[in-house]
Amino acid sequence: MNILFIMYDQLRFDYLGCAGHPHLDTPNFDRVAQMGMRFNNAYVQSPICGASRMSCYTGRYASSHGAQWNGYPLRVGEVTLGDHLRGAGMGCWLIGKTHMKADAAGMARLGLSPDSIIGARQAECGFDVWVRDDGLWAEGPDGFYDEKPAPYNDYLKSKGYDAQNPWANHANAGVEDGEIASGWLFQNADKAANIREEDSETPWLTDRAIDFIDQAKGPWCAHVSYIKPHWPYIVPAPYHDMYGPAHVPPAARAEVERDDPHPVYAAFMNNKIAAAFQKEETRQKVIPAYMGLIKQCDDHLGRLLNHLEATGQMQNTMIVLTSDHGDYLGDHWLGEKDLFHEQSVKVPLILYDPRPEADGTRGSTCDALVEQIDLAPTFLEVAGGEPAGHILEGRSLMPWVRGEAPDWREFVISEYDYCLTPMRQALGLSNPDARLFMVFDGRFKMIHAEGGFRPMLFDLQNDPDEFHDLAKTHSHTDQIDRLYGMLATWGRRMAQRVTRSDADLDAMRGRSLRRGILPFLVDGTEVPDELMEKYRGPVSQDFTPKDS
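Residues numbered from 1 in each chain as written. Predicted model: local features only at pLDDT ≥ 70, side-chain atom pairs only at ≥ 80, totals over all residues. Heavy atoms only, no water.

Asks: Explanation requested: the sheet that holds strand S13 (residues 349-352) in the structure shown.
Replies: By way of backbone hydrogen bonds, the strands of a sheet pair with one another, either parallel or antiparallel. If you trace the eight strands from one edge of the open sheet to the other, you get S5-S4-S10-S1-S11-S13-S2-S14, paired in mixed fashion. If you trace the sheet from one side to the other, it starts and ends with strand S5 (128-132) and strand S14 (364-366), each paired once. Pairwise comparison of adjacent strand axes, ignoring direction, gives a mean angle of 15° for this sheet. By the bridge criterion, four bridges tie strand S4 (residues 91-96) to S5 in an arrangement that is parallel. Across the sheet, the residue bridging to glycine 96 is arginine 132, located in S5. Across the sheet, helix H9 (residues 201-215) touches S4, S5 and strand S10 (220-225), and the angle it forms with S5 is around 145°. (Pairing = 2+ DSSP bridges. Helix = DSSP H or I, 4+ residues; strand = E, 2+ residues; numbered from the N terminus. Axes fitted to C-alpha atoms, helices over the stretch in contact; angles between N-to-C directions. Contact = heavy atoms within 4.5 Å.)

Asks: Would you take a moment to explain H9 for this structure?
Replies: Side chains that are three or four residues apart share a direction in an α-helix, a result of its 3.6 residues per turn. For H9, spanning 15 residues, the distance from its first C-alpha to its last is 22 Å, which sits close to the expected 21 Å at 1.5 Å a residue. Those residues of H9 that sit buried are Glu201, Thr202, Pro203, Trp204, Leu205, Thr206, Ala209, Ile210, Phe212 and Ile213. If you follow the buried residues of H9, they end up packed against S4, S5, helix H7 (151-158), helix H8 (166-171), S10 and helix H12 (280-310). (Expected span 1.5 Å × (residues − 1). Buried < 20%, exposed > 50% of the residue type's maximum accessible area, 1.4 Å probe, protein only.)

Asks: Would you explain the sheet that holds strand S18 (residues 444-449) in this entry?
Replies: Spatially, four strands are ordered S16-S17-S18-S19 in an open sheet, and the strand pairing comes out antiparallel. Here the strands that pair on one side only, and so sit at the sheet edges, are strand S16 (412-417) and strand S19 (456-459). The mean inter-strand angle of the sheet, taken between neighbouring strand axes irrespective of direction, is 15°. Against the sheet, helix H17 (residues 477-491) makes contact with S16, strand S17 (435-440), S18 and S19, and its axis sits at roughly 70° relative to S18, the strand it touches most.

Asks: Explain the nonpolar core here, please?
Replies: Nonpolar side chains in soluble globular proteins tend to end up buried together. Formed by 75 residues in total, the largest nonpolar core has its most connected members in Phe5, Phe39, Tyr418 and Leu436. Once residues within four sequence positions are removed from consideration, phenylalanine 5 is found in contact with Cys56, Tyr57, Leu81, Cys221, Ala222, His223, Val224, Val320, Thr322, Leu375 and Phe379. Ranked by size, the runner-up nonpolar core spans 60 residues in total, among them Cys18, Ile95, Tyr161 and Met291. (Core = buried A, V, L, I, M, F, W, Y, C linked by side-chain atoms within 4.5 Å.)

Asks: I tried to follow the pattern of salt bridges on my own but got confused; where do I start?
Replies: Any two side chains of opposite charge can pair, given that their charged atoms come close. Overall, the coordinates contain 43 salt bridges when judged by the stated rule. With a closest N to O distance of 3.4 Å, arginine 86 and aspartate 83 form a salt bridge. Pair noted here: arginine 86 and aspartate 83 are both in helix H4 (residues 81-87), with a separation of three residues, about one helical turn. Residue aspartate 83 is classed as partly exposed on the basis of its relative accessible area of 31%. (Salt bridge = Lys/Arg side-chain N within 4 Å of Asp/Glu carboxyl O.)

Asks: Even after reading the chapter, I still don't get H17, so can you show me in this structure?
Replies: Taking 1.5 Å of rise per residue, the 15 residues of H17 would be expected to cover 21 Å, and the 20 Å separating its terminal C-alpha atoms lies within 8% of that figure. For H17, every residue scored as buried is listed here: Gln479, Ile480, Leu483, Met486, Leu487 and Trp490. End-on view of H17: buried residues confined to an arc of 120°, all on one side of the axis. Facing away from the buried surface of H17 by more than 90 degrees, the exposed residues are Asp478 and Asp481. Its buried side turned inward, H17 meets helix H3 (62-65), S16, S17, S18 and S19. (Arc of directions from axis to C-beta.)

Set out below in structure tokens:
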């Protein structure tokens, strides 16, 4: 078995044909869903790129691994997906984005050179790297946003794009009156990117994935991680005008949300990105481009699927499709991601297992509450490795794929540390208080805000749009208390005993007795005779005082 683990950046759960989108045709996503199982209730552990990905790659909650924002280093020594899989005999390769920042100080403290194999893996989130490109080659007065090598920019230059930064001036910009029309500006989202489609980011990374597959010796896990449909929202022809205003749904938002809102929610509704998406002209430009980016992703997913079939590898390759978070697109008066409405924290998750034991669930959906930290233990089981429940906080999804009904979680958790945002400053919070926690039991969703704020509460059974914050009144204290109990249960989890498994503990129990540590005995009859053998028998020398 091989694993093709594909992650798209900022892909909403409901912007797929198989998820019921009324206009967006995604035959290749739908094809994988028909071959496998689609999970309807999959949630990320943080609605921000870096923290979400680090949770996915470690199989641990954000408060366990600590890398809770973009650019926070993942501490040296954290066990990752690649570590688990290599221990089970499966290679683990990166093709695309991780948003990983290495713990350079920790590596230096331990003398780990990034040029060594172990050092390189530590610096790359445990992956062996086929090609890494985090996909944001932005440049400002102080230099580039990402200071790593830029393989995609190098590729574009090799293809004749002669700009100093072709990522910015071609792949993510259009042309207007002979001038660069940057994709950073929403007003340009309806323009065609100034690049040949086959040279744009999604086909480029697909080519790299095919190159990897053609030379790979199994078993392997290939993490193909696309930057799109993440902003800048601009896409090359012919995708730039496949969709238009007629395909833009009304924004899912209501005036009641702005009536005495929670202070944290109010701060996010008043930020720059929210203000932009509260303008209908922004939505009319951006959403068709976002749909075009997804359509392009679907077409190149089709290339990957066709290549697997043509090379006879479809029957020995598990395929997993997901995203690191969603995109508000103006819903709830918000843009981007960040908070915990379904548009942000819920993601697509489709899993195809070619083995016969999955035949009974092909084309089905699963409503279980799934967390993205479940992927690492799923892949470890597929690789045939020993379960690592003392490290991995997720649970394998394979019982669901096999049609079983396992004892499962009652709630999901997501966390958000927003201390680096302007919203922390607007609220006058200290860094430790700028944190949010979501607990969702499948019906009621509660958000706890540090800093002395009241919670937020939504009943998705009676209010699936999440317009009505029930915690504005005192009529649902029973549900709030119950959900706080769940949050407390989660908070008491055993998260840091990662160096000893339960099997280790069982083997250690009583070991000291058999190694001569026999405290608290009265006369020795409390233990088997063999444990006293080293402490009985005639003395060889007697230095005790003698009676005179």
